[in-house]
Amino acid sequence: MRGSRVLAGLTLLLATACGPQASDEPPVNAEDVMFVQMMVQHHRQGIEIAKVGTSRATDPQLRTLTAAIESTQQSEVEMMLRWLHSWDQPLTPATGAHDHHGGMPETDLKQIQSLRQSKNFEYDLCNLLISHQDDAVQMAAAEVAGGANPTVQRWAAQVQSSRKGQIDMMMDLIKR
């Protein structure tokens, strides 16, 4: 009888040890995935705008800002792509995904092309970037409110703060 109890205990212990392991990975929900997918696209547009700014701006503060945006957002794109790969998720959102998440407009190529031709370049650059960065603030707010992944939520809160700071800086540049 004692042997069968030991055998039963060992069987239970072995079954527990071989069962599903608790994951150390933080949770990821649909909001996290959509936010990251959309922010990759959004950042790529921001990088294009910033490149135009870095090449054409004459104001040193604006040139520095656009160079920083370009560099920072390139690093952030790489980080977000790593997240999507680690979550085994597609790198781009499904068609119409913007509609599902507030339908926020994208900065389209026509706007960037128009900026390249602008006669009032720095003013137009600031206005386009203010609008673009405000969209990032809005997207990040949705992630902070509805995401599940703590790392992505912390980064979204940083996006909100840094982009608001950039907007304030550009508003000051416009007023000069």
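A quick note: this is a predicted structure, and the numbers were derived from the prediction, not measured.

Rules of the game
Residues numbered from 1 in each chain as written. Predicted model: local features only at pLDDT ≥ 70, side-chain atom pairs only at ≥ 80, totals over all residues. Heavy atoms only, no water. Helix = DSSP H or I, 4+ residues; strand = E, 2+ residues; numbered from the N terminus. Buried < 20%, exposed > 50% of the residue type's maximum accessible area, 1.4 Å probe, protein only. Contact = heavy atoms within 4.5 Å. Areas by Shrake-Rupley, 256 points an atom, 1.4 Å probe, with all protein chains shown as cover. Salt bridge = Lys/Arg side-chain N within 4 Å of Asp/Glu carboxyl O. Expected span 1.5 Å × (residues − 1).

## A few points about the overall build of the chain
- Counting its secondary structure elements, the chain contains 7 helices and 0 strands.
- The secondary structure elements of the chain, listed N-terminal to C-terminal, are α-α-α-α-α-α-α.
- Across the 176 residues in the chain, those meeting the buried criterion constitute 39%.
- Counted over contacts in the chain with a minimum sequence separation of 6, partners at least 24 positions apart contribute 79%.
- Of the accessible surface of the chain, which amounts to about 10,300 Å², a share of 56% is contributed by carbon and sulfur atoms.

## Here's the deal with the pattern of salt bridges
- Applying the stated rule across the entire model yields 4 salt bridges.
- The partner of Lys51 in a salt bridge is Glu48, with the nearest N and O atoms 3.7 Å apart. Of the two residues, Lys51 and Glu48 are both situated in helix α2 (residues 30-56); the distance of 3 residues between them amounts to about one turn of the helix.
- Residue Glu48 is classed as partly exposed on the basis of its relative accessible area of 30%.

## Regarding helix α3 (residues 60-86)
- Compared with an ideal rise of 1.5 Å per residue, which puts 27 residues at 39 Å, α3 spans 39 Å between its outermost C-alpha atoms and is within 8% of the ideal.
- Looking at the buried positions of α3, the neighbouring elements they touch are α2, α6 (121-146) and α7 (150-175).
- Of the residues flanking the end of α3, it is Asp88, one or two places downstream, whose phi is positive at about 60°.

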